[in-house]
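The chain contents come next:
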Amino acid sequence: MLRDWRILLSRHRSPVIWGLVSGHLRFGDTMMATSRLIAIDYKAGWARSISRWFRLADAIPGGGMSGQPSATLSEAKRRACASQFDIFVPLDDTTLLDCILADFISQARAGDRGL
């Protein structure tokens, strides 16, 4: 499950979700960025990255890292994770995210057909 999450664009212009993951098979409970996001349903509370499905708890209020980080994160964790954002750009526009995800799916389907 991802808590205190936010959608970001990686330096490769791929959307990812950054947040506090709990119960991850390899990493346990930690702050992390997912692999490339390929689908998300905010209302149903799930997201699909290239490698995993995630249940989504609450996002960071107000978009998160562009403002004050969530009060649920300790100051030490915030400082430790701050340097990770040098390679990410916040993506708060859900319409733009929908376009990016649709474009990725379209390219993947074209690749499957050998176009």
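It should be emphasised that the depicted structure is a prediction, and the values quoted were computed from it without experimental measurement.

Before going further, it helps to examine the pairing of strand β3 (residues 28-33). The pairing of strand β2 (residues 15-24) with β3 spans five bridges and is antiparallel. In the strand pairing of β3, G19 is matched with M32. Taking the residues between adjacent antiparallel strands as the criterion, β2 and β3 are bridged by three residues.

Here we come to the confidence of the model for the protein chain. On average, residues of the protein chain score 80 in pLDDT, and 77% of them are at 70 or above. Across the protein chain, the element-wise mean pLDDT spans from 51 in helix α1 (residues 75-82) up to 96 in strand β5 (residues 46-49). Note that residues 64-73 has pLDDT below 50 and, in this model, 17 contacts with residues that lie over four places away or in other chains.

Below, the discussion takes up the nonpolar core. Counting residues in hydrophobic clusters, the biggest one holds 16 residues, and the most contacted among them are I7, I17 and I40. Of all the secondary structure elements, the ones that give two or more residues to this core are β1 (2-9), β2, β4 (37-41) and α2 (94-112). With four residues, β1 is the largest single contributor of residues to this core. When near neighbours in sequence (up to four residues on either side) are disregarded, I17 contacts L2, W5, R6, I7, M32, A33, T34, L37, I40, A47 and L56. Counting seven residues, the second-largest nonpolar core is a separate cluster that includes W18, M31, I60 and F88.

Attention now moves to the pairing of β4. Across four bridges, β4 lies against β5 in antiparallel orientation. Looking at the pairing, L37 lines up with S49 of β5.

Here the focus is the sheet that holds β5. Ordered in space as β4-β5-β6, the three strands form an open sheet in which the pairing is antiparallel. The sheet is open, and its two edges are formed by β4 and β6 (53-55), each paired on a single side. Each strand axis lies, on average, 15° off the axis of its neighbour in the sheet, ignoring direction.

On to the pattern of salt bridges. Summed over all chains, the structure comprises one salt bridge. Measuring nitrogen to oxygen at the nearest pair gives 2.4 Å for the salt bridge that ties R6 to D92. Of this pair, R6 sits in strand β1 while D92 sits in the loop between β7 (89-90) and α2, and the two are 86 residues apart along the sequence. On the basis of relative accessibility, which here comes to 3%, the residue R6 falls in the buried class.

About the criteria used
- Residues numbered from 1 in each chain as written.
- Predicted model: local features only at pLDDT ≥ 70, side-chain atom pairs only at ≥ 80, totals over all residues.
- Heavy atoms only, no water.
- Pairing = 2+ DSSP bridges.
- Helix = DSSP H or I, 4+ residues; strand = E, 2+ residues; numbered from the N terminus.
- pLDDT = per-residue confidence, 0-100.
- Contact = heavy atoms within 4.5 Å.
- Core = buried A, V, L, I, M, F, W, Y, C linked by side-chain atoms within 4.5 Å.
- Buried < 20%, exposed > 50% of the residue type's maximum accessible area, 1.4 Å probe, protein only.
- Axes fitted to C-alpha atoms, helices over the stretch in contact; angles between N-to-C directions.
- Salt bridge = Lys/Arg side-chain N within 4 Å of Asp/Glu carboxyl O.

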